[in-house]
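Residue-level structure breakdown
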Amino acid sequence: MLKTKIGLITLITVTLACIIAVLYEFKVVGFSHEFLMAVRWIVATVLVVNALYKKNLTTWILTCMILGIFVGLDFPNLAISLQPLSKGFIKLVKTIVGPILFATLVYGIAGHSDLKQVGRMAWKSMLYFFCATTCAIFIGLGAINLTKAGVGVDVAHMPHEELPVPKESMDEHVLKSLPDNVHPVYKFTAFVRDLFPENIVKSVADNQVLQIVVFSVLFGIGLAMVDEKKRKPLVDFTESMSETMFKFTNIIMYFAPVGVGAAMAYTVGHLGVDILKNLFMLLATLYFALFCFLTLVLLPVALYLKIPVKRFINAIKEPVSIAFATTSSDAALPKAMSAMEKFGVPRKIVSFVIPTGYSFNLDGTSLYLSLAAIFVAQAAGIHLTFGQQLMIAFTLMITSKGVAAVPRASLIILIATADQFGLPTFVIAAILGIDELMDMARTSVNVVGNCLATVVVAKWEGEFDEEAPYREDTEELV
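Overview of the structure. Each chain has its residues counted from 1, running along the sequence as written. Given that this is a predicted model, residues contribute local features only at a pLDDT of at least 70 and side-chain atom pairs are listed and counted only at 80 or more, while totals for whole chains, interfaces and linings are drawn from all residues. Note that the side-chain values use all heavy atoms of the structure and ignore hydrogens as well as water.

1. Examining the pattern of salt bridges
Filter applied, for reference: Salt bridges are counted wherever a side-chain nitrogen of Lys or Arg sits within 4 Å of a carboxyl oxygen of Asp or Glu. Strands here mean DSSP runs of E at least two residues long; helices mean DSSP runs of H or I at least four residues long; both are numbered from the N terminus. Working definition: with a 1.4 Å probe on protein chains only, accessible area under 20% of the residue-type maximum means buried, over 50% means exposed, and in between means partly exposed.
All told, the structure shown has six salt bridges when counted by the stated rule. Notably, a salt bridge pairs K124 with E461, separated by 2.7 Å at the nearest N-O pair. Of this pair, K124 sits in helix 6 (residues 119–147) while E461 sits in helix 21 (residues 435–461), and the two are 337 residues apart along the sequence. On the basis of relative accessibility, which here comes to 16%, the residue E461 falls in the buried class. In this structure, K232 and D236 form a salt bridge, with 2.9 Å as the shortest nitrogen-oxygen distance. With K232 and D236 both in helix 11 (residues 228–253), this residue pair falls four residues apart, about one helical turn.

In structure tokens, the structure reads:
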């Protein structure tokens, strides 16, 4: 009862504060700076009390984000001194990258070494996954280049050390000695060369994501070729390691409110409140891009294969609503599998395609990663050529296959990719403030994409029960 009253008081307080802010912003009423400051800190106090009673991580993240904005507005010098806390959070997230990529990729390959028995289903699934996530990534790139949500952030006030410093290329002297017409060829072959690690420990330390992926894939293939007796201990180890890293991620996320609050305070203190407009433009761009992906990619696939769209939507509405509410694809997994079986997909296809898709077919997450990576570059004032954006897309196409289907895990891949391409990471900490709102949408699209993938593979294999969707309606009537 007390928690309900506090929630109601919080809602009324925030609503009144928003009305005051709108009246001031549109110059309907002229409030003094002292009055506005008092309103902000009354709201802050109410939000903290609400968070203490709710004891929910998401509530704390949103509360600390707002507190950070207030600190940045009213105490900019204090806001600057909080920057090490946000950097500490980013460093903690970076420690996850190497182990979680290695564990998930090796287990994903070696743990399913029985793919020889389901060869056709495996390559068909992988082909569909590749095409779907590629479309998602390019729609994300197109959307962010169209809206330019990150453009306009004033980087002039950033401290010198935060500005990205171009890395010296070891191949510059070679390029100078070669004719211009072979420069693209040399750059491509140099990129291929840099895919291969000379020392996996060094690759992890330097955060070379693609090198970690290449090593993990080769290691997983090699492990899959070993006899079952010798393979099992390492497969079990990588499974345990991946589960441990997921828990490790959850532990680190308890520090997220502090990291987000500090990042928001530092960002607003240095760059002004205008960056909030950019963040909400990013949110709108994501929702627009996900809608485009659903209507321009998934819907045409369903129509082409003559899947009953209305009945498909009815079948997946429960798992999608679970994913939307929990921001976790894993939470919707059992319901998604049972829903697809009832819809007419054989159990052997459902049990292979959906779990595999949770590693290789995260459409919503892939779209978000491409969009967010370019947003970071735009916010930092870094102009990326079409070729550089393609390189980022290619990197995300590979690395997003190892991202875990748990809340905010995409943050790990985003930071790793930004770090690899010399993009500043301070903006990513600010993005985390609205990540919950973005996570709900992209996780829901992940579930929709994987449910549709089971029907696509079943149709392709000629094993889809065409009568099942209609039979379910008949059973409900009876």
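2. Points about the nonpolar core
Put simply, the rule is: Here, the term nonpolar core denotes a set of buried Ala, Val, Leu, Ile, Met, Phe, Trp, Tyr and Cys residues that are joined through side-chain atoms within 4.5 Å. Residues count as neighbours in contact if any of their non-hydrogen atoms are within 4.5 Å of one another.
Counting 121 residues, the largest nonpolar core has F312, M340, L367 and I431 as its most contacted members. If we skip the residues at most four places from it in the chain, I431 touches L279, L282, Y368, F375, V376 and M438. The next biggest cluster of nonpolar side chains, apart from the first, holds five residues, and it includes F102, A110, L223 and V235.

3. Some details on the packing of aromatic side chains
Put simply, the test is: Aromatic rings from Phe, Tyr and Trp, with only the six-membered ring used for Trp, were paired whenever their centres fell within 6.5 Å, and each pair was classed as stacked if the ring planes differed by under 30 degrees, edge-to-face if by over 60, and tilted otherwise. By definition here, charges over rings are those cases where NZ of Lys or CZ of Arg is within 6 Å of the ring centre and within 35 degrees of the ring normal.
Enumeration over the complete set of coordinates arrives at 10 aromatic pairs. Geometry around Y368 places R442 over its ring, the cationic atom sitting 4.0 Å from the centre.

4. Regarding helix 11
Applied cut-off: To estimate the expected span of a helix, subtract one from its residue number and multiply by 1.5 Å.
Between the first and last C-alpha of helix 11 there are 37 Å, a value that for 26 residues agrees with the 38 Å anticipated at 1.5 Å per step. Buried residues of helix 11: R231, V235, T238, S242, M245, F246, T249, I252 and M253, and no others.

5. Considering unusual backbone geometry
At K148, a position not held by glycine, the phi torsion is positive, near 50°. As for its position among the elements, K148 is in the loop between helix 6 and helix 7 (172–177). With a phi angle near 60°, K306 is a residue other than glycine that sits in the positive phi range. Take K306: its relative accessible area is 69%, and that puts it in the exposed class.

6. Here's the deal with the environment of F352
Tracing the backbone through its elements, the reader meets F352 in helix 16 (residues 347–360). Accessibility expressed as a relative area gives 8% for F352, which makes it buried. Distance from F352 to S125, taken between C-alpha atoms, is 9.1 Å for residues 227 residues apart in sequence.

7. Quick notes on the packing of helix 16 against helix 21
To keep it simple, the criterion reads: Interaxial angles span 0 to 180 degrees and are taken between N-to-C directions of axes, which are lines fitted to C-alpha atoms, for helices over the stretch in contact. Roughly parallel means an angle under 35 degrees; roughly antiparallel means over 145; roughly perpendicular covers 65 to 115; every other angle is labelled oblique. In this scheme the handedness of a crossing depends on how the near helix is turned from the far one: anticlockwise by less than a right angle means left-handed, clockwise means right-handed. Three classes are used, and their members are as follows: Ala, Val, Leu, Ile, Met, Phe, Trp, Tyr, Cys and Pro are nonpolar, Asp, Glu, Lys and Arg are charged, and the others, Gly among them, are polar.
Their axes nearest at 9 Å, the elements helix 16 and helix 21 cross at an angle of 140°. Put simply, helix 16 runs oblique to helix 21. The chirality of how helix 16 crosses helix 21 is right-handed. Counting all contacts with helix 16, which are made through I349, V350, V353, I354, G357 and Y358, the residues of helix 21 involved are V447, N450, A453, T454, V457, A458 and E461. In the contact of helix 16 with helix 21, the residues fall into nine nonpolar, three polar and one charged.

8. Overview of the packing of helix 1 (residues 2–25) against helix 2 (residues 33–54)
Angle between the axes and distance between the axes are the two parameters that describe a pair of packed helices. Where helix 1 meets helix 2, the closest approach of the two axes is 9 Å, and the angle between their N-to-C directions is 155°. Overall, the two elements helix 1 and helix 2 adopt an arrangement that is roughly antiparallel. In this structure, the crossing between helix 1 and helix 2 has a hand that is left-handed. Along its contact with helix 1, which presents L2, K3, I6, G7, I9, T10, T13, V14, A17, I20 and Y24, the element helix 2 presents F35, L36, V39, I42, V43, V46, L47, V49, N50 and Y53. Of the residues in the contact of helix 1 with helix 2, the class split is 16 nonpolar, four polar and one charged.

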